[in-house]
Amino acid sequence: MLLAVDCGNTNTVFSIWDGDSFVGTWRTASDWRRTADQYFVWLNTLMRLEGIEADITDMIISSTVPRVVFNLRVLADRYYNTRPLVVGKPDCLLPVSVRVDQGTNVGPDRLVNTVSGFDKYGGNLIVVDFGTATTFDVVAEDGAYIGGVIAPGVNLSLEALHQAAAALPHVDISKPQSVIGTNTVACMQSGVFWGYVGLVREICARIKAERDVPMKVISTGGLAPLFQQTADLFDAFEDDLTMHGLQIIHKYNKDNGLEDEH
Ligand SMILES: Nc1ncnc2c1ncn2[C@@H]1O[C@H](COP(=O)(O)OP(=O)(O)OP(=O)(O)O)[C@@H](O)[C@H]1O
Ligand SMILES: CC(C)(CO)[C@@H](O)C(=O)NCCC(=O)O
Ligand SMILES: [K+]
């Protein structure tokens, strides 16, 4: 079975796959200090609670935080006796090409979203991921990652207001009743919520104009549904885009017989 780990700047998601069937998923806050032993105990406890017995033989990692990879490698080595594939490393092949400026280290999460989006929807896609940052990944006709857009994340924007302005409280995002806020919290929610609706709409329109081909817009990440409720911003929402992509990339490397034997 495959253990796929998607480590973002905020959260780390573990998922287990038996071939291409999904077995389970668990989420923890990202912390580079967490040791292999801690991951193992945590994961095993949760699996046991759900009555899942997984014989993990393979592991794949996508990490936007380089430091966490060390302890995840130890986890693979010590507990699963395997050498993990790490997305973005030269020995991890991708089923799509990457056409960006030389020397650019594209976030592995964006590469995984590209592979996954292309597998599910074909080419000419915009994948919008509402994570710590809000990213737009542009996928060409042939599935290549050809660049995109990085904007501050929704929660990050609200947090930045709170951090920088003495009188602004910590606020959670939600859809405001009206645009004109009549209290501080409503004003802040309006700025970020409607600002984001505008940001997503404008950026997608400009990407489409620049590409000059019809493109589908796919959203992923925890906050995507909140925006989808309001305006017709996306053609589809995918809950597990990254997990699915990791499983595909692992399979691609297996099928091409290039994965290191341990
Ligand atoms: N219904 C909701 N209302 C408010 N916040 C939500 C809701 N659903 C998810 N979130 C929050 O949205 C944020 C985005 O979630 P997501 O899991 O996609 O990204 P993340 O894990 O924060 O980012 P990264 O992948 O960069 O670590 C998270 O902080 C999550 O707690
Ligand atoms: C933009 C984030 C933080 C989104 O998770 C991540 O993809 C990243 O660290 N990217 C590196 C820079 C780039 O993708 O061009
Ligand atoms: K993510």
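None of the values given here were measured: they were computed from a predicted structure. (Residues numbered from 1 in each chain as written. Chains lettered and ligands numbered in written order. Predicted model: local features only at pLDDT ≥ 70, side-chain atom pairs only at ≥ 80, totals over all residues. Heavy atoms only, no water.)

Of all hydrophobic cores here, the largest spans 27 residues; its most connected members are Phe130 and Phe227. Where this core is concerned, the elements lending two or more residues are strand E6 (125-130), strand E7 (133-139), helix H4 (154-164), helix H5 (184-211) and helix H6 (224-228). Residue contributions to this core peak at nine residues, all from H5. Not counting residues within four places of it along the chain, the set of residues in contact with Phe227 comprises Phe130, Val154, Phe193, Tyr196, Val197, Leu233 and Phe234. (Core = buried A, V, L, I, M, F, W, Y, C linked by side-chain atoms within 4.5 Å. Buried < 20%, exposed > 50% of the residue type's maximum accessible area, 1.4 Å probe, protein only. Helix = DSSP H or I, 4+ residues; strand = E, 2+ residues; numbered from the N terminus. Contact = heavy atoms within 4.5 Å.)

Under the present numbering, the feature "binding site: substrate" (unreviewed entry) in UniProt falls on Gly107, Pro108, Asp109, Arg110 and Thr184. Their sequence span is 78 residues, while the largest C-alpha to C-alpha distance among them is 37.5 Å; these annotated residues do not converge on one region. Along the chain, Gly107 falls in the loop between strand E5 (85-86) and helix H3 (108-121). Within the element layout of this structure, Asp109 appears in helix H3. Sequence-distant contacts of Asp109, that is, excluding residues within four places in its chain, are made with Ser62 and Thr64. (UniProt positions renumbered as here; feature names shortened; annotations may be inferred.)

The final tally for this structure, using the stated rule, is ten aromatic pairs. With 5.9 Å between their ring centres and 55° between their planes, Phe40 and Tyr80 make a pair best called tilted. One end of the pair, Phe40, is in helix H1 (residues 36-49); the other, Tyr80, is in helix H2 (residues 68-80), with 40 residues separating them in the sequence. For Tyr80, a relative accessible area of 9% translates into the label buried. Ring centres of Phe193 and Trp194 lie 4.9 Å apart, and the angle between their planes is 90°; on these two criteria the pair is classed as edge-to-face. By way of ring pairs, the aromatic residues Phe130, Phe193, Trp194, Tyr196, Phe227 and Phe234 are connected into one cluster. We note Arg67 situated over the ring of Trp32; from NZ or CZ to the ring centre the distance is 3.6 Å. (Phe/Tyr/Trp six-rings, centres within 6.5 Å; stacked < 30°, edge-to-face > 60°. Lys NZ or Arg CZ within 6 Å of the ring centre and 35° of its normal.)

On to the site of ligand 2. Around ligand 2, a shell composed of Asn9, Thr64, Asn105, Val106, Gly107, Asp109, Arg110, Thr135 and Ile150 is seen. Separating an oxygen atom of ligand 2 from a backbone N or O atom of Gly107 is a distance of 2.8 Å. Within the side chain of Asp109, one N or O atom sits 2.5 Å away from an oxygen atom of ligand 2. For ligand 2, whose unbound accessible area comes to 380 Å², protein coverage reaches 72%. Within the shell around ligand 2, the residues separate by chemical class into two nonpolar, five polar and two charged. (Near = heavy atom within 4 Å. Polar contact = N/O pair within 3.5 Å; in protein donor to acceptor, adjacent residues only side chain to side chain. Areas by Shrake-Rupley, 256 points an atom, 1.4 Å probe, with all protein chains shown as cover. Nonpolar A, V, L, I, M, F, W, Y, C, P; charged D, E, K, R; others polar.)

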